[in-house]
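Coordinates in review
Next come the chains, spelled out residue by residue.
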Amino acid sequence: MIISGFQPTIFVTNCLIQMYIKCSNLGYADKVFDKMPLRDTVSWNAMIFGYSMVSDMEKAKLMFDLMPERDVISWNSIISGHLQNGNYQKSIRAFMEMGRDRIAFDRTTFAVVLKACSGLEDSKLGVQVHGVVIKLGLATDVVTGSSMVDMYSKCKRLHESRCFFNEMPEKNWVSWSALIAGCVQNNEFANGLQLFKKMQKEGVGVSQSTYASLFRSCAGLSDLKLGSQLHGHALKTDFGCDVIVATATLDMYAKSNSLSDARKVFNLLPSHNLQSYNALIVGFARGDQGYEAVLLFKRLLKSYLGFDEISLSGAFSACAVFKGHLEGMQLHGVACKTPFCSNVCVANAIMDMYGKCKAPREARRLFDEMEKRDAVSWNAIIAAHEQNGHEDETLTLFFRMLQARMEPDEFTYGSVLKACAARQDLNIGMVIHNRIIKSGMGLECFIGSAVIDMYCKCEKVEEAEKLHERMEEQTIVSWNAIISGFSLRKQSEESQKFFSKMLEEGIKPDNFTYATVLDTCANLATVGLGKQIHAQIIKQELQSDVFITSTLVDMYSKCGNMQDSRLMFEKAPKKDFVTWNAMVCGYAQHGLGDEALQIFEKMQLEDVRPNHATFLAVLRACAHIGLVEKGLQHFNSMSNNYGLDPQLEHYSCMVDILGRAGQISEALKLIQDMPIEADDVIWRTLLSMCKMHGNVEVAEKAAKFLLQLDPEDSSSHILLSNIYADAGMWKEVAEMRKVMRYGGLKKEPGCSWIEIKSVLHMFLVGDKAHPRCKEIYENLDALIYEMKRASHILDDEFLLSCEATEDEHQYLFQECAVSCF
């Protein structure tokens with residue numbers, strides 16, 4: 001045109017401007033506009049539209065202000081420009097100015113301004129616009145009506161939206177899509193799907209946005225079957241390759257726990273957008289496939305699409321899933337090079353990742369550097385400290401959150417109550433409970449269960465039980481908390497009663513319930529009930545759970561049934577270090593040292609890392625079968641091979657091992673060389689070994705330390721007295737008896753019990769509380785008479801040297817008899 005010297009008309013020039021604008025070359029359009037000798041309204045409107053498209057609203061507004069004459073399109077362009085750039089308030093103000101200039105509104109004006117009301121979620125303003133629409137007689141217009149349906153839906157007034165839709169004389173696919181989307185936005189997923197069925201009966205075509213809403217409904221309902229059917233419907237209507245529909249489809253599969261199908265949809269797409277990557281990354285992270293999510297994020301980095309805050313947040317959540325601290329740090333470095341690092345959502349995801357990767361310090365550093373924090377930020381940092389056992393810091397952060405006038409939610413209270421439970425801090429726990437009650441959340445399921453658990457861990461099970469009864473909905477978590485609470489307080493019978501009550505209420509137990517009740521069976525040695533629960537576990541197909549398997553192994557071994565314990569161990573599809581420990585400990589507790597060591601050797605071959613409890617059982621096994629060298633070897637391997645510092649219990653076992661082998665002096669030297677101070681258990685173990693081998697010299701040293709720790713300990717005096725007696729040192733024996741008598745020390749009475757027909761009978765020395773006490777003592781007297789006749793009594797010389805009275809003789813006989821029960 002320029003070369004030929006053609007002078008275009010205004011119409012041709014306007015077309016030229018529009019061509020450059022639509023081809024994204026606003027600079028050329030601007031030059032053409034500047035050289036126009038004459039301009040009409042279309043020319044000005046085109047430039048306003050062009051500047052709005054590139055978000056340069058200052059120039060768009062300047063063009064608008066310079067216009068000699070404005071029409072409805074000019075006003076619509078400037079109103080729409082503000083809307084597209086997220087300036088809803090300016091869009092509304094422009095609409096009001098248009099009304100003041102007495103420019104007649106059209107359907108496009110109302111469509112745009114109603115979208116602005118939706119963006120602001122201002123239903124009051126929307127109602128006013130609705131009034132103007134009715135006044136101008138546009139209420140029956142299908143375009144304006146569809147915008148009205150959309151506005152009411154997005155302003156959380158779905159009832160008004162549905163009423164307006166029902167009164168529309170004419171409906172198109174936009175109207176139907178708007179109402180279906182409204183149902184989804186207001187979490188009425190089933191209603192949205194019902195509308196779609198009705199829409200199909202009306203013969204209305206399906207659009208891209210309709211499919212997106214439908215797949216969101218299926219995802220919200222986790223309805224994989226219906227989602228798959230809709231996927232087939234989309235394929236039949238040639239929407240299968242549409243990137244927006246496909247993204248909604250794979251998001252539905254991901255949220256319905258069908259990640260393999262989500263991956264297939266992703267792979268079959270001819271081209272990908274950022275949203276499709278994001279949907280799959282987030283899906284993998286939520287589906288515990290964190291490593292796959294990180295690999296997909298790396299693939300996204302290599303593409304031309306870039307990434308956004310959703311991609312980064314999903315990738316950090318993925319690192320948290322598989323505890324990928326190194327990968328998380330690398331991602332943090334990537335985020336720091338972008339503006340997204342200051343994004344609150346991304347920062348929250350980073351803090352959550354560090355907390356779950358056992359790096360609360362890094363999480364705290366990031367939290368302190370944040371310029372802007374929301375409730376999620378506080379929750380993330382509080383949870384990071386609670387998850388890593390920093391209870392004091394957890395509570396400090398909670399009180400800081402309150403000082404910042406940030407209102408806690410259920411997740412905040414959940415973390416803080418766990419911290420109180422871990423510290424067994426009932427006072428602070430009750431203060432927090434009072435605050436929860438004042439907030440009106442006291443009887444909600446999640447928080448109520450956390451409060452119950454706190455009271456149980458603080459040994460206030462009765463209070464927890466009362467709260468449990470008042471809860472609106474009693475969840476399995478609250479039932480488990482109370483069952484576990486009774487178990488922790490060694491009230492195994494109460495725990496089992498509450499379990500029975502739970503079954504009567506029709507509550508289905510989970511793996512934690514069964515494991516806890518099995519533990520109580522182990523404590524009471526009630527193998528019959530344990531077998532019944534085992535049968536229930538098999539019926540519920542929970543036997544593959546490693547937690548339950550470990551508890552079954554432990555239960556059978558503590559009930560003395562090592563055959564079934566070993567059978568459970570061998571049949572376990574998965575074994576963790578707890579399962580192996582249970583088997584090693586079971587054999588060790590029953591004196592089967594060789595079998596315990598064999599299991600330990602297999603455990604090492606399977607590359608299962610032992611812990612302190614494992615070595616305690618191994619050392620006990622070595623003590624039972626007198627393997628001194630083997631015991632020393634395992635004791636030394638704790639720190640040399642596994643980095644485990646021996647604890648008091650391990651030193652006590654070594655003293656037992658050396659003592660049984662007669663190496664009393666070596667045992668004493670081991671105690672003296674310990675890096676930690678010896679307790680009464682270790683000295684008492686050494687004293688017992690001294691009695692076994694008659695070592696009076698070391699016994700006196702051990703007794704001296706024992707009496708320094710607890711001067712009123714009668715067992716130390718009695719044990720030393722027996723050692724003196726075995727050595728024939730009757731003068732020292734008499735002296736010990738005098739010390740005990742003048743010091744008011746008495747031997748703790750012996751106690752034994754027996755269960756007959758589910759009734760527990762307990763016996764104490766000299767106790768006359770049993771209902772059949774007279775009959776018992778008649779039989780006891782007969783036994784004592786028989787013992788005297790058979791000369792099975794204590795050495796008369798010992799009794800005389802101790803200046804024993806006839807009552808003392810009787811007491812000793814009774815104690816002997818009780819131990820025989």
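Criteria and thresholds
Residues numbered from 1 in each chain as written. Predicted model: local features only at pLDDT ≥ 70, side-chain atom pairs only at ≥ 80, totals over all residues. Heavy atoms only, no water. Helix = DSSP H or I, 4+ residues; strand = E, 2+ residues; numbered from the N terminus. Buried < 20%, exposed > 50% of the residue type's maximum accessible area, 1.4 Å probe, protein only. Axes fitted to C-alpha atoms, helices over the stretch in contact; angles between N-to-C directions. Parallel < 35°, antiparallel > 145°, perpendicular 65-115°, else oblique. Left-handed = near helix turned anticlockwise from the far one by under 90°. Contact = heavy atoms within 4.5 Å. Nonpolar A, V, L, I, M, F, W, Y, C, P; charged D, E, K, R; others polar. UniProt positions renumbered as here; feature names shortened; annotations may be inferred. Arc of directions from axis to C-beta. Salt bridge = Lys/Arg side-chain N within 4 Å of Asp/Glu carboxyl O.

Here we look at unusual backbone geometry
Located in the positive-phi region is E121, a residue other than glycine, with phi close to 50°. Structurally, E121 is set in the loop between α7 (107-120) and α8 (123-135). A positive phi angle, close to 60°, is found at D607, a residue other than glycine. Mapped onto the elements, D607 comes out in the loop between α36 (593-605) and α37 (612-625). D607 gets classed as exposed once you look at its relative accessible area, which sits at 70%.

Let's talk about the packing of helix α39 (residues 648-660) against helix α40 (residues 664-672)
The interhelical angle for the contact between α39 and α40, taken along N-to-C directions, is 165°, at an axis separation of 8 Å. One finds that α39 runs roughly antiparallel with respect to α40. Seen from above, α39 lies across α40 with right-handed handedness. Mapping the contact onto sequence places Y651, M654, V655, L658 and G659 in α39 and I664, E666, A667, L670 and I671 in α40. For the contact of α39 with α40, the per-class residue count stands at eight nonpolar, one polar and one charged.

Details of the environment of R100
Here R100 lies in helix α6 (residues 88-100). The spacing of R100 and E393 is 293 residues in sequence and 60 Å in space, taken between C-alpha atoms.

Description of the UniProt feature "repeat: PPR" (unreviewed entry) in the protein chain
Sequence positions flagged by UniProt for "repeat: PPR" (unreviewed entry) are, in local numbering, residues 40-74, 172-206, 343-373, 374-408, 475-509 and 576-610. The span residues 172-206 is 74% helix and 0% strand, and its two end C-alpha atoms sit 10 Å from each other. Helix makes up 74% of residues 576-610 and strand 0%, whereas the separation of the span's terminal C-alpha atoms amounts to 10 Å.

Let's talk about helix α10 (residues 158-167)
Here α10 has its buried residues at L158, S161, F164 and F165. Along the long axis of α10, the arc covered by the buried residues comes to 125°, so they all point the same way. Facing away from the buried side of α10 by over 90 degrees, the exposed positions are H159, N166 and E167. Buried positions along α10 lie against α8, α9 (142-154) and α11 (173-185).

Considerations on the pattern of salt bridges
The tally for this structure, following the rule as stated, stands at 23 salt bridges. For D141, the salt bridge is made with R107, and the minimal N-O distance between the two is 2.6 Å. Separated by 34 residues along the polypeptide, D141 in the loop between α8 and α9 and R107 in helix α7 bring together distant segments of the chain. With a shortest N-O distance of 3.3 Å, R162 and E188 are connected by a salt bridge. In this pair, R162 is assigned in helix α10 and E188 in the loop between α11 and α12 (189-201), connecting sequence segments 26 residues apart. For R162, a relative accessible area of 26% puts it in the partly exposed group. Take E188: its relative accessible area is 28%, and that puts it in the partly exposed class. Taken together, the shared-partner salt bridges connect R364, D368 and E393 into one network.

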